[in-house]
Amino acid sequence: MDRMTFSLPIDPQANRLLERSPLALLLGMTLDQQIPMEKAFSSPYVLTQRLGHEPDARELAGYDPDALVAVFAEPPALHRFPKAMAARTQEVCRVLVDRYDGDAARLWADVADGRELLRRITELPGFGRQKAQILVALLGKRYGVTPAGWREAAGGYGDADAYRSVADVADADSLRRVREYKQRMKAEAKAAKG
């Protein structure tokens with residue numbers, strides 16, 4: 001399957017980690033809320049630097065919770081809510097260990113179709129429908145994970161010419177277009193509230 005470029009304006013080594021490590025990708029998506037996407041998706045690389053090695057799901061699942069919070073909170077913090085997101089990271093990793101033998105790639109491997117992929121992702125802690133659809137789109141558009149019906153499962157985020165989420169970012173221009181879309185959506189939501 002063809003893989004497209006996944007290139008955020010972050011440290012090139014952080015992009016390479018996201019390309020090779022399914023866990024780093026999943027952690028970036030886990031952290032992608034209430035902070036810029038560049039921060040969320042560079043944090044797995046920063047976490048790797050702080051730990052001195054690439055962590056695996058078993059290690060993070062079993063990590064001392066207070067020690068993990070300290071790693072997340074060390075300046076600059078990995079997220080604006082380091083305590084909550086360290087806990088969320090552990091919760092996600094525990095699901096990976098319990099259901100997928102600690103292998104993040106098994107979350108999307110061998111799914112029957114897009115509906116099953118979306119269901120598996122929505123079962124992760126902190127992954128509501130929208131976030132799950134964005135991950136389905138990201139996997140399909142950038143990582144070649146394209147089970148039957150994946151675009152439908154991803155909703156509007158799966159559209160080929162969409163610029164709605166991190167799934168559509170391949171360069172500076174596409175990042176700008178995604179940002180414009182998000183600003184437009186916020187403005188429309190604000191206007192609707194009146």
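Just above sits the structure.
Cut-off values and rules
Residues numbered from 1 in each chain as written. Predicted model: local features only at pLDDT ≥ 70, side-chain atom pairs only at ≥ 80, totals over all residues. Heavy atoms only, no water. Helix = DSSP H or I, 4+ residues; strand = E, 2+ residues; numbered from the N terminus. Rg over C-alpha atoms; globule rule 2.2 N^0.38 Å. Buried < 20%, exposed > 50% of the residue type's maximum accessible area, 1.4 Å probe, protein only. 1 Å grid on protein atoms, 1.4 Å probe; cavity = no way out; pocket = protein on both sides within 12 Å on 5 of 7 lines; lining within 4 Å. Points joined across faces, edges and corners; volume = space filled by probe spheres on them. Nonpolar A, V, L, I, M, F, W, Y, C, P; charged D, E, K, R; others polar. Contact = heavy atoms within 4.5 Å. Phe/Tyr/Trp six-rings, centres within 6.5 Å; stacked < 30°, edge-to-face > 60°. Lys NZ or Arg CZ within 6 Å of the ring centre and 35° of its normal. Polar contact = N/O pair within 3.5 Å; in protein donor to acceptor, adjacent residues only side chain to side chain.

Student: Is there a simple way to think about the overall build of the protein in this case?
Tutor: Counting its secondary structure elements, the protein contains 10 helices and zero strands. Helices and strands in the protein line up, N terminus first, as α-α-α-α-α-α-α-α-α-α. For 194 residues, the compact-globule estimate of 2.2 N^0.38 gives 16 Å, and the C-alpha radius of gyration of the protein, at 16 Å, lies within 12% of that figure. Expressed as a percentage of its 194 residues, the buried residues of the protein come to 48%.

Student: How do you make sense of the layout of surface pockets when you look at a structure like this?
Tutor: One simple way to see leftover space: roll a probe sized like a water molecule over the atoms. Roughly 610 Å³ of volume is contained in the largest pocket. Lining the largest pocket are 19 residues, and of these Asp32, Gln130, Arg164, Lys182 and Lys186 sit closest to its centre. When residues of the lining of the largest pocket are traced back to their parent elements, those giving at least two are helix 3 (37-51), helix 8 (129-143) and helix 10 (172-193). Looking at the lining of the largest pocket, the element that brings in the most residues is helix 10, giving six residues. For the lining of the largest pocket, the per-class residue count stands at eight nonpolar, four polar and seven charged.

Student: Before we go on, may I ask you to explain helix 2 (residues 22-31) in this structure?
Tutor: Residue pairs three or four apart in sequence face the same way in an α-helix, which turns once every 3.6 residues. Of all 10 residues making up helix 2, nine are buried, and the element is well covered by its neighbours. Tucked inside the fold, the buried residues of helix 2 contact helix 1 (12-20), helix 3, helix 4 (57-62), helix 5 (65-73), helix 6 (82-100) and helix 8.

Student: I keep staring at the packing of aromatic side chains and nothing clicks. Help me out?
Tutor: The geometry of an aromatic ring pair comes down to the distance between the two centres and the angle between the two planes. All chains considered together, the criterion is met by zero aromatic pairs. Seen from the ring of Phe127, Lys131 lies directly overhead, with NZ or CZ sitting 5.2 Å from the centre. Stacked on the ring of Tyr163, the Lys or Arg Arg177 has its end atom at 3.8 Å from the ring centre.

Student: In this structure, what is going on with unusual backbone geometry? I would like to understand it.
Tutor: With the exception of glycine, most residues fall at negative phi, and the peptide bonds are largely trans. Residue Pro76 is reached from Pro75 by a cis peptide bond, and omega for that bond is -10 degrees. The phi angle at Gln34 is positive, at roughly 65 degrees, despite the residue not being glycine. Topologically, Gln34 is positioned in the loop between helix 2 and helix 3. Residue class for Gln34 comes out exposed when judged on its relative accessible area of 54%. A positive phi angle, close to 55 degrees, is found at Asp101, a residue other than glycine. As for its placement among the helices and strands, Asp101 is situated in the loop between helix 6 and helix 7 (114-122).

Student: Is there a simple way to explain the environment of Glu74 in this structure?
Tutor: Looking at where Glu74 falls in the secondary structure, it is placed in the loop between helix 5 and helix 6. Put simply, Glu74 and Arg94 are 20 residues apart on the chain and 23 Å apart in space, counted from C-alpha to C-alpha.

Student: Even after reading the chapter, I still don't get helix 7, so can you show me in this structure?
Tutor: Considered for burial, the residues of helix 7 that qualify are Gly114, Glu116, Leu117, Leu118, Arg120 and Ile121. A side-chain oxygen of the first residue of helix 7 lies 3.1 Å from the backbone nitrogen of Arg115; this N-cap is Asp113.

Student: Would you explain empty space enclosed by the protein in this entry?
Tutor: For the coordinates displayed, the defined rule picks out one cavity of 30 Å³ or more. Approximately 60 Å³ is the volume attributed to the largest cavity. Lining the largest cavity are Leu17, Ser21, Leu23, Ala24, Leu27, Pro44, Leu47, Thr48, Glu54 and Pro55. If you list the elements that add at least two residues to the lining of the largest cavity, you get helix 2 and helix 3. Tallied by class, the residues present in the lining of the largest cavity amount to seven nonpolar, two polar and one charged.

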